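Spelled out from the first residue to the last, the chains are:
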Amino acid sequence: MAGSPSRSASRRLQLPLLCLFLQGATAVLFAVFVRYNHETDASLWHGGNHSNADNEFYFRYPSFQDVHAMVFVGFGFLMVFLQRYGFSSVGFTFLLAAFALQWSTLVQGFLHSFDSGHIHVGMERTPPPLHPPCHAALASGLAEAQRPASLTPLAPPSAPNPSMINADFCAGAVLISFGAVLGKTGPAQLLLMALLEVVLFGINEFVLLNLLGVRDSGGSMTIHTFGAYFGLVLSRVLYRPQLEKSRHRQGSVYHSDLFAMIGTIFLWIFWPSFNSALTALGAGQHRTALNTYYSLAASTLGTFALSALVGEDGRLDMVHIQNAALAGGVVVGTSSEMMLTPFGALAAGFLAGTVSTLGYKFFTPILELKFKVQDTCGVHNLHGIPGVLGALLGVLVAGLATHEAYGDGLESVFPLIAKGQRSATSQAVHQLFGLFVTLLLASVGGALGGLLLKLPFLDSPPDSQCYEDQVHWEVPGEHEDKIQRPLRMEEADTQA
Amino acid sequence: MAGSPSRSASRRLQLPLLCLFLQGATAVLFAVFVRYNHETDASLWHGGNHSNADNEFYFRYPSFQDVHAMVFVGFGFLMVFLQRYGFSSVGFTFLLAAFALQWSTLVQGFLHSFDSGHIHVGMERTPPPLHPPCHAALASGLAEAQRPASLTPLAPPSAPNPSMINADFCAGAVLISFGAVLGKTGPAQLLLMALLEVVLFGINEFVLLNLLGVRDSGGSMTIHTFGAYFGLVLSRVLYRPQLEKSRHRQGSVYHSDLFAMIGTIFLWIFWPSFNSALTALGAGQHRTALNTYYSLAASTLGTFALSALVGEDGRLDMVHIQNAALAGGVVVGTSSEMMLTPFGALAAGFLAGTVSTLGYKFFTPILELKFKVQDTCGVHNLHGIPGVLGALLGVLVAGLATHEAYGDGLESVFPLIAKGQRSATSQAVHQLFGLFVTLLLASVGGALGGLLLKLPFLDSPPDSQCYEDQVHWEVPGEHEDKIQRPLRMEEADTQA
Amino acid sequence: MAGSPSRSASRRLQLPLLCLFLQGATAVLFAVFVRYNHETDASLWHGGNHSNADNEFYFRYPSFQDVHAMVFVGFGFLMVFLQRYGFSSVGFTFLLAAFALQWSTLVQGFLHSFDSGHIHVGMERTPPPLHPPCHAALASGLAEAQRPASLTPLAPPSAPNPSMINADFCAGAVLISFGAVLGKTGPAQLLLMALLEVVLFGINEFVLLNLLGVRDSGGSMTIHTFGAYFGLVLSRVLYRPQLEKSRHRQGSVYHSDLFAMIGTIFLWIFWPSFNSALTALGAGQHRTALNTYYSLAASTLGTFALSALVGEDGRLDMVHIQNAALAGGVVVGTSSEMMLTPFGALAAGFLAGTVSTLGYKFFTPILELKFKVQDTCGVHNLHGIPGVLGALLGVLVAGLATHEAYGDGLESVFPLIAKGQRSATSQAVHQLFGLFVTLLLASVGGALGGLLLKLPFLDSPPDSQCYEDQVHWEVPGEHEDKIQRPLRMEEADTQA
């Protein structure tokens, strides 16, 4: 593109200067506020009287790595389906997530754990109520007086720390919003979106989890509903009436659909880890993973059924398989840690898969025509509706909670009910209220974000250059080799 | 393909209706029979006196996730090598595995644990003999009377539960069979194949493990031999004399071979987890992973050596590297939990890699010409022969088992020998008999499956449309961008 | 390529015979020397009085699997960026690593643990000082006399065993060197390079860790600096003045860059596991993962900033994103287990990302023009300079170590300082000396390796055939399907 007119210097410098500023500011704030937490600091950890196996690391790190793979591989490649936007999809995912995880460490730290003037980071936020292995065994074998200090929770539950898992979760919400505006925003705009969204994500999460006592371990509300409606409202504000000019680039090609399936499959297989990454240890984590596993399986069958049913001549549509099959993970984000039952998981997943597929087929066009929301990846179908359904399912399952069904496990799933501070019905009402708060904050935030991104000096691709890597990247040819092939063959003949 | 004649409604509706029926029936059966097991249920788990670290989840979940990645990423992408069948390869893998894991939960549940009228599901099936951490330590430190209840096995060994790991293993066997008929069957046919195969897989596994007391932790017999011969016999029944019409589509293109290598590498790296996912905790799991690791390394060198040796002008063949290098994982499926020795692992892997490569080069053509078995992925070379070799290696290593070599570990590898109920020679004979049972059940099952799939009303691709995604999928163009490129370049010039 | 003249039989047989010889010799050496270690052997493990949860497997296996994925998926696909060398990049990575991990088991075994005439292999090399879980808890609850034998370290620290993790680490160093000579060497040459490099890697590591008492848990020196300069000096000796003839093949195409991003992302997400795989259990492993996580995030922002800053018209360059964003993992390879602080991690990562990007832009051309080093993958920018920076950062952080900052944790990070055998300044000096030893051994080794690979009878691609898969592989067409498409469409019309 040597012949194309250069962008002005101010536009060319937006991305590098914004990156440098954000990274610099983050580093300064880290220097002032962020410290290792109790389990990460050499001195604090070894000062306690506990074994290495007690370290939360060994309970959470495999789950964290799965979540990490979902955020960077899963979201990144899922969006590569666009024929000419693969570099941007995977590249901006990389950039946005790398910034969001730093920034959310700070935001969540300020909100959740700013007790001692410092933010203490580690792998996971909330120490479990019955933390160390051997606790119960020892408790019955040793007199209470002999119990070493480490067997009491390592930090009071009122001061949870920000964590790598939570930072990745927040990055996931930002990437969901990215899906709604994919192809229509420049990287500097996206960084500003993340700057705002991370703050609102943190506030919403704080209101739900800490103030309302809502349960949402896999983030049906805090991650999926919030990320989707933030992005959709933002996309509404950025509505492009002339987007038709780039429509020929909005589809996939054969290979780009295969790349996108890498994203789909990695999201699908690791979703049990996503939903269970922050649940209570033991049965809670086990149950959450199992429910998610079965829900995803059922949503996959539902998606294939509906895709073939509504497809021309019974043909399957890759867009449905790539996306709707994942709705089973979203829909149990709130309830999978609860006593959903294996049947409940199947039913929820099947419902989500079918609704999501129908959404892609019938609702996405309406969303653009009637509501002027251009939703590139269909996040409304994959995260929006399934997220809301998941929140409502959480209302239902929470409302049905009984001491009989949960036994002593009630403490770790619904601590407020276990302590008698709240009835199951009251918990259900709080869950429902949490959904409204989420929708409200996401919408207000998305609108603010849209206004921010419309600032005229921000570099944004023109209507005819959407979904096009060449705006942002040095792009090599697609088929340079073809021209070279005969030449090379001859060379081989004469010189090999 | 707007101009092509539509399929009849009955054919178009086969896939959606079958998906809906199978998912509906599965959900009803789940509602009636499936419950959380002891370690997954909030009430049952918290009622016991044990720590969260005792939960089997923490010993098995990382292995499970690796197995899960192998089934969906590994098998799915390995079969993407076909130039025009990538959507179907990865898509039908997704569909088949998602159904098989639900259905096998029920089948294995009915066979293995239908004691109380319910099937109890969790991560792993058989509680280990010495389950909880701290067991031994506490046993020596605390009087027996003080031992908390949790330190005895959580369920009697006679009532193993079905599990997520076992469900994924069964899905793996179905996908091996899929490899034999890849490109020549429609998705409704494949679902019916899975419906039958999962049942027979369950029966075969039950006969081998529970009735014959055979050891087969990594499934050389139960998974690889069974899946391969089931698929090969089925492919024999479905023999297409006119397949030549689609032969031009049976090869790979450059990029499809790279996609297939994603499958190969993920299978290869996670195979140690596959073979060790169900072995006894401690040294057993450690040893199984280590043996598999070295066996795979040796099979890789063997494959490269033989591929270059038999290749034209010393050139390597991607088909060999993608497949035969994995035979080292198959061949130690039975014996890797035993005291195979590191040398034994290398020798077995090298043998498998060389035999498998030679099979691809010389035996696959014979299999089609003489035996009328059209084996798309060469599962006979990757799973069939290496599976049988692995079973025989298991016979040998079991026959050599001594109390000296295993010490107290004999209990967890060969419990019947340890209890004196069986000699090593008798164990070896049982192992050999298990191989015959597997071959018999796989062959009978594959023949039945072939007859089932030949039902004339089932939608099957015509001979000239095999290995072609367009039969089943809406397929985007391959190179739409090329046509658009010059236009876009101009747009950039004038509007950017 | 039927028309091309055949290579002579001696050249065609080089690869197969070398593979067979190396695998045969390795197997014989395994038979004679290699045995299961204490935690892997059925008899030795079960003879001890400890629980299965004590087995190192459960602390290390998830990290090992991440490292394994990095070596085979990460390095393999990162190098697929070349348009016509994808088969070789991922295939030779597979071959080299499969050989290197066997050979390094032997080399490291001979160097580190040849005490009893046998090499004992397992998952991890050095038993941690406070090995079993429940150790501390029990120690306070039970009288010392009652402590079971297993609670003392399982092997004396003076006899560490070779391990699967260390074998993979060594394979990583070989693959770094491979990156420097990528496209310009045949597979037989590469196997000889690995044969030599593994020995020198083992010696260098032994000198640093065992003789000098250097700390280098993530291998800034032992892996990255060593691998990079070994490969660069080797590439210097193999300098091809006529490489211009293959220059048209040295770039990427659109899809090959997307494949390379698979490699980048898997390296990036699992790097915290890489650096922490061998660190002390508990806080040490936790802190290492956390530091690496933040360092990588900062290097990503630094890379995007600099890439856009130096790019034409503000465009990003995929080469930078694919590579320089990973420099944050390299630069904290030595210091991430230390009390680097979260801010230190961010600062180091940002520095590495920017320096690496500038290296790709400005230094790589100089390296070829002035120093006659043709560095295909730019390993100097990704592993060389960041490795040296990482070593120097280790000098700094080690020199600042105090008893206050580390508390009792000093024992596991700097045992010699904790025991009073060395001051922090002395440790820093030793660290610096370790860097010089590494640079010396890598340079001498690379020069020797270059001379070895120049042996005239070795098969090497001609200058006009570099970066070309067809020299080594049967390569299918790229676009065979296009020709078939119209035909198939018609078939569908008439026969479907």
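Small disclaimer: the values here were computed from a predicted structure and weren't measured.

**Here we look at the overall build of chain A**
Item 1. What chain A contains, in helices and strands, is 20 helices and two strands.
Item 2. Sorting the 496 residues of chain A into buried and exposed places 70% on the buried side.
Item 3. Here the contacts in chain A between residues at least 6 apart in sequence split such that 83% fall between residues at least 24 apart.
Item 4. Only carbon and sulfur atoms are counted for the fraction: they give 66% of the accessible area of chain A, which is about 13,700 Å².

**Details of the packing of aromatic side chains**
Item 1. According to the stated counting rule, one finds 78 aromatic pairs over all chains in the structure shown.
Item 2. Where Phe59 of chain A meets Tyr58 of chain B, the ring centres are 5.0 Å apart and the plane angle is 80 degrees; that geometry is what we call edge-to-face. In this pair, Phe59 of chain A is assigned in helix α4 (residues 57-78) and Tyr58 of chain B in helix α4 (residues 57-78), connecting two distinct chains.
Item 3. Overall, Phe59 of chain A belongs to the buried group, its relative accessible area being 6%.
Item 4. What makes Tyr58 of chain B buried here is its relative accessible area of 14%.
Item 5. Where Phe72 of chain B meets Phe94 of chain B, the ring centres are 6.2 Å apart and the plane angle is 90 degrees; that geometry is what we call edge-to-face. Of the two residues, Phe72 of chain B is situated in helix α4 and Phe94 of chain B in helix α5 (residues 86-112); the sequence distance between them amounts to 22 residues. Assigned by exposure class, Phe72 of chain B and Phe94 of chain B land together as buried.
Item 6. One aromatic cluster is present, formed by Phe30, Phe57, Tyr58, Tyr61 and Phe64 of chain A together with Phe59, Tyr293 and Tyr294 of chain C through successive ring pairs.
Item 7. Of note, Arg84 of chain A hangs over the ring of Tyr254 of chain C, and the distance from its end group to the ring centre comes to 4.8 Å.

**Quick look at the side chain of Ser89 of chain B**
Residues and elements named next belong to chain B.
Item 1. Mapped onto the elements, Ser89 comes out in helix α5.
Item 2. By relative accessible area, Ser89 is classed as buried at 0%.
Item 3. Dropping the residues within four chain positions of it, Ser89 is found in contact with Gly76, Met79, Val80, Phe178 and Leu182.

**Concerning the UniProt feature "domain: Ammonium transporter AmtB-like" (unreviewed entry) in chain A**
Residue and element names in this part refer to chain A.
Item 1. Under the local residue numbering, the UniProt record ascribes the feature "domain: Ammonium transporter AmtB-like" (unreviewed entry) to residues 26-112 and 163-455.
Item 2. Counted over residues 26-112, helix gives 72% and strand 3%. Its end C-alpha atoms are 18 Å apart.
Item 3. Overall, residues 163-455 shows 73% helix and 0% strand. The separation of its end C-alpha atoms is 33 Å.

Reading guide: rules and limits
- Residues numbered from 1 in each chain as written.
- Chains lettered and ligands numbered in written order.
- Predicted model: local features only at pLDDT ≥ 70, side-chain atom pairs only at ≥ 80, totals over all residues.
- Heavy atoms only, no water.
- Helix = DSSP H or I, 4+ residues; strand = E, 2+ residues; numbered from the N terminus.
- Buried < 20%, exposed > 50% of the residue type's maximum accessible area, 1.4 Å probe, protein only.
- Contact = heavy atoms within 4.5 Å.
- Areas by Shrake-Rupley, 256 points an atom, 1.4 Å probe, with all protein chains shown as cover.
- Phe/Tyr/Trp six-rings, centres within 6.5 Å; stacked < 30°, edge-to-face > 60°.
- Lys NZ or Arg CZ within 6 Å of the ring centre and 35° of its normal.
- UniProt positions renumbered as here; feature names shortened; annotations may be inferred.

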